[in-house]
Amino acid sequence: MTTSTSTGTSFWKVLAIVIGVLILISIGWSLVKAVMWLAVVALVIVGAFTVFKAFAKS
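Residues numbered from 1 in each chain as written. Predicted model: local features only at pLDDT ≥ 70, side-chain atom pairs only at ≥ 80, totals over all residues. Heavy atoms only, no water.

Chemist: Break down the overall build of the chain for me, citing the residues and quoting the values.
Modeler: When its secondary structure is counted, the chain shows one helix and zero strands. Residue burial in the chain is summarised as follows: out of 58 residues, 0% are buried. Accessible surface, the chain as shown: approximately 5,500 Å² in total, 82% of it carbon and sulfur. (Helix = DSSP H or I, 4+ residues; strand = E, 2+ residues; numbered from the N terminus. Buried < 20%, exposed > 50% of the residue type's maximum accessible area, 1.4 Å probe, protein only. Areas by Shrake-Rupley, 256 points an atom, 1.4 Å probe, with all protein chains shown as cover.)

Next up, the structure:
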């Protein structure tokens, strides 16, 4: 007795694709957030260096 049909197989394939896409989106979103924080830190460092350099000249 087999319970596997072409409909059942396609259901599991679709489910696996949906789960894979959700995992990729969550990983991608985490990477985007990390890159944004790195950009904020870089901007703060560049801004502080610019202010320090401007006051050092005067």
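Let us keep going from here.
Chemist: A description of the packing of aromatic side chains should follow, citing residues and the corresponding values.
Modeler: What the rule picks out here adds up to one aromatic pair. An angle of 70 degrees between the planes, with centres 5.2 Å apart, marks the rings of Phe11 and Trp12 as edge-to-face. The exposure class of Phe11 is partly exposed, given its relative accessible area of 49%. (Phe/Tyr/Trp six-rings, centres within 6.5 Å; stacked < 30°, edge-to-face > 60°.)

Chemist: Lay out a nonpolar patch on the surface with the relevant residues and their values.
Modeler: Residues Phe11, Trp12, Leu15, Ile19, Ile23, Ile27 and Leu31 make up a contiguous nonpolar surface patch of about 710 Å² in total accessible area. Here Ile23 shows up in helix α1 (residues 6–57). (Patch = residues over 30% accessible without salt bridge, like charges linked within 9 Å, V, L, I, M, F, W, Y side chains within 5 Å. Salt bridge = Lys/Arg side-chain N within 4 Å of Asp/Glu carboxyl O.)

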